[in-house]
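The chain contents come next:
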Amino acid sequence: MSPNTIPTTPAAADILAQAAEIHGQKPPAAEVVQALLDAERAAKHPRPSLAVDALLGRWQLRFTAPNKPAYKAGIPVGKGFYWPTLFPGTITFSRSVQSPNSDATPVDSGSPNTTPDDALTIENQIQLGPLALRFSGPAKFLPKQNLLAFDFVQVQLWVGRLCLLKLPIKGRAGAANFATTSIAKLPFFAFFAATPQYLAARGRGGGLALWVN
């Protein structure tokens, strides 16, 4: 098994691959929710360790189920929806060249100035036309749990390539304390499906998300 993938059931993989096709025929939302739940359950026993390289890059939010979907009495419960293309949402994971208490700068993984493999930068962006609202901060990855913890410490407002606003924000830990803050106190994504085509994870709040490459 490749360290850049998490295998799942053939049925779930088929539905998620169809849902990830931006220009393809979309499976019904209920089927995608069930496929996400099936993939999450399949990834628990056994739990493969995902390489951090599988996360690096920019991913587009394709589908979300925010209200804690789960199996109850063997039945998938929870609704989801395809993220509207009018408001593109993206998430970017990059390696950091500086410590988490400074403005991290993404670089190629081959740079001699990179920090350890689990030291990352996260950017979460929502866009409407030329306007983009971007949150960023440090992140760290725990491959044994396939869990990425993060903290947003900066917000930016962009118009095209022009940054109009750049402000620090108070995260859960604060930038200076991120490296030593317990995972239990941080937002996180627990990844349970990963291929070169898509990523799927459950957030700390219980919601599910599917991002595509």
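Report on the accompanying structure. Because the structure is a prediction, the values reported are computed rather than measured. (Residues numbered from 1 in each chain as written. Predicted model: local features only at pLDDT ≥ 70, side-chain atom pairs only at ≥ 80, totals over all residues. Heavy atoms only, no water.)

**Quick word on the overall build of the chain**
Working step 1: When its secondary structure is counted, the chain shows two helices and 14 strands.
Working step 2: Every one of the 213 residues in the chain was classed for burial, and the buried ones make up 41%.
Working step 3: Counting contacts in the chain only where the partners sit at least 6 residues apart, residues at least 24 apart contribute 57% of the total. (Helix = DSSP H or I, 4+ residues; strand = E, 2+ residues; numbered from the N terminus. Buried < 20%, exposed > 50% of the residue type's maximum accessible area, 1.4 Å probe, protein only. Contact = heavy atoms within 4.5 Å.)

**Comments concerning empty space enclosed by the protein**
Working step 1: Scanning all chains against the criterion turns up two cavities of 30 Å³ or more.
Working step 2: Approximately 50 Å³ is the volume attributed to the largest cavity.
Working step 3: The element best represented in the lining of the largest cavity is strand 1 (residues 57-65), accounting for three residues.
Working step 4: Residues of the lining of the largest cavity, tallied by class, amount to five nonpolar, three polar and one charged. (1 Å grid on protein atoms, 1.4 Å probe; cavity = no way out; pocket = protein on both sides within 12 Å on 5 of 7 lines; lining within 4 Å. Points joined across faces, edges and corners; volume = space filled by probe spheres on them. Nonpolar A, V, L, I, M, F, W, Y, C, P; charged D, E, K, R; others polar.)

**Details of the layout of surface pockets**
Working step 1: Counted as a void, the largest pocket has a volume near 390 Å³.
Working step 2: Surrounding the largest pocket, 22 residues form its lining, L61, N124, F189, A209 and W211 being those nearest its centre.
Working step 3: Breaking the lining of the largest pocket down by element, the ones donating at least two residues are strand 1, strand 5 (89-96), strand 7 (119-128), strand 12 (188-194) and strand 14 (208-212).
Working step 4: The dominant element in the lining of the largest pocket, judged by the number of residues it contributes, is strand 7, at four residues.
Working step 5: The residue makeup of the lining of the largest pocket, split by class, is 14 nonpolar, seven polar and one charged.

**What to know about helix 1 (residues 10-20)**
Working step 1: Among all positions in helix 1, only A12, I15, L16, A19 and A20 are buried. Seen from one end, helix 1 has its buried residues packed into an arc of 135°, which puts them on one side. Pointing more than 90 degrees away from the buried face of helix 1 are the exposed residues P10 and A11.
Working step 2: Buried-residue contacts for helix 1 involve helix 2 (29-42), strand 1, strand 4 (81-82), strand 12, strand 13 (198-203) and strand 14. (Arc of directions from axis to C-beta.)

**Focus on the pattern of salt bridges**
Working step 1: Counted according to the given criterion, the structure contains three salt bridges.
Working step 2: Where R41 meets D38, a salt bridge forms, and the shortest distance between an N and an O atom there is 3.5 Å. With R41 and D38 both in helix 2 and three residues apart, the pair spans about one turn of that helix.
Working step 3: Residue classification places R41 among the partly exposed residues on the basis of a relative accessible area of 47%.
Working step 4: Judged by its relative accessible area of 19%, D38 falls in the buried class.
Working step 5: The salt bridge involving R95 is made with D53; its shortest N-O contact spans 2.4 Å. (Salt bridge = Lys/Arg side-chain N within 4 Å of Asp/Glu carboxyl O.)

**A closer look at the packing of helix 1 against helix 2**
Working step 1: Relative orientation of the contacting elements helix 1 and helix 2 amounts to 130°, with a least axis distance of 9 Å. Put simply, helix 1 runs oblique to helix 2. Like other packed secondary-structure pairs, helix 1 and helix 2 cross with a definite hand, here left-handed. On the side of helix 1, the interface is formed by A12, I15, L16 and A19, while helix 2 contributes E31, V32, A35, L36, D38 and A39.
Working step 2: When the residues that make up the contact of helix 1 with helix 2 are grouped by side-chain class, the tally is eight nonpolar, no polar and two charged. (Axes fitted to C-alpha atoms, helices over the stretch in contact; angles between N-to-C directions. Parallel < 35°, antiparallel > 145°, perpendicular 65-115°, else oblique. Left-handed = near helix turned anticlockwise from the far one by under 90°.)

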